Amino acid sequence: MKKKKYFFERFSNWATAATGSSAAFIIATLVIVIWAVTGPVFKYSETWQLVINTGTTIVTFLMVFLIQKSQNKDSKAVHLKLNELLASHEGTSNRMVNIEDLTEEELDNLYKFYRQLSSLAEKDSDLTKTHSIDAAEENQKRKSSHGRAK
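Keep in mind the model is a prediction, meaning the values are calculated, not measured.

A. A look at the overall build of the protein. Per the secondary structure count, the protein includes 5 helices and 0 strands. The N-to-C order of helical and strand elements in the protein reads α-α-α-α-α. The buried share of the protein, taken over its 150 residues, is 13%. If you take every contact in the protein between residues at least 6 apart in sequence, the share linking residues at least 24 apart comes to 33%.

Structure, rendered in structure tokens:
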């Protein structure tokens, strides 16, 4: 089973690189040009049209899955890199690690929080000041109370 997975992984990496190349684009363009040039030879028949329709449908169908696999792999790698940055940086909230596993509603709530955090940051005179999720509101309250005491 592992050997098959490894073969598929290698094949999909090769196919992704090959289909995303300039050579693949040139070949695809040549196929279309050849097909168009042969139109008068085949009297623009239904079979002539069916050849390009079938070919492009099959290629598109397969490419959808290849692109999705590539995007899933890239997305996973980016998430892992971001998780490493969050986990290694002092002062960040570790609750943000694996945030991609939250529901859409939870992500929307978090987005609203960050909009509020942005509003708080706009009130701050120090543009380099940062806040974690856990400390943002407390820091703003503390800063506001110091400002009133003066």
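B. Highlighting the packing of aromatic side chains. Across all of its chains, the model carries 6 aromatic pairs by this definition. With a centroid separation of 5.2 Å and 90° between ring planes, the pair formed by Y44 and W48 is classed as edge-to-face. Using a relative accessible area of 48% as the deciding quantity, one classes Y44 as partly exposed. For W48, a relative accessible area of 10% translates into the label buried. Taken together, the ring pairs in this structure connect F7, F11 and W14 into an aromatic cluster.

C. Fine view of the pattern of salt bridges. Summed over all chains, the structure comprises 2 salt bridges. We note a salt bridge from K69 to E9, for which the minimum N-O separation is 3.1 Å. With a gap of 60 residues between them, K69 in helix α3 (residues 46-88) and E9 in helix α1 (residues 2-19) connect regions that are remote in the sequence. Classification of K69 by relative accessible area gives partly exposed; the value is 23%. Owing to a relative accessible area of 26%, E9 belongs among the partly exposed residues under this scheme. It is possible to trace a salt-bridge network through shared partners that takes in E9, K69 and K73.

What counts as what
Residues numbered from 1 in each chain as written. Predicted model: local features only at pLDDT ≥ 70, side-chain atom pairs only at ≥ 80, totals over all residues. Heavy atoms only, no water. Helix = DSSP H or I, 4+ residues; strand = E, 2+ residues; numbered from the N terminus. Buried < 20%, exposed > 50% of the residue type's maximum accessible area, 1.4 Å probe, protein only. Contact = heavy atoms within 4.5 Å. Phe/Tyr/Trp six-rings, centres within 6.5 Å; stacked < 30°, edge-to-face > 60°. Salt bridge = Lys/Arg side-chain N within 4 Å of Asp/Glu carboxyl O.

Everything listed here is a matter of geometry and, on its own, says nothing about what the molecule does.
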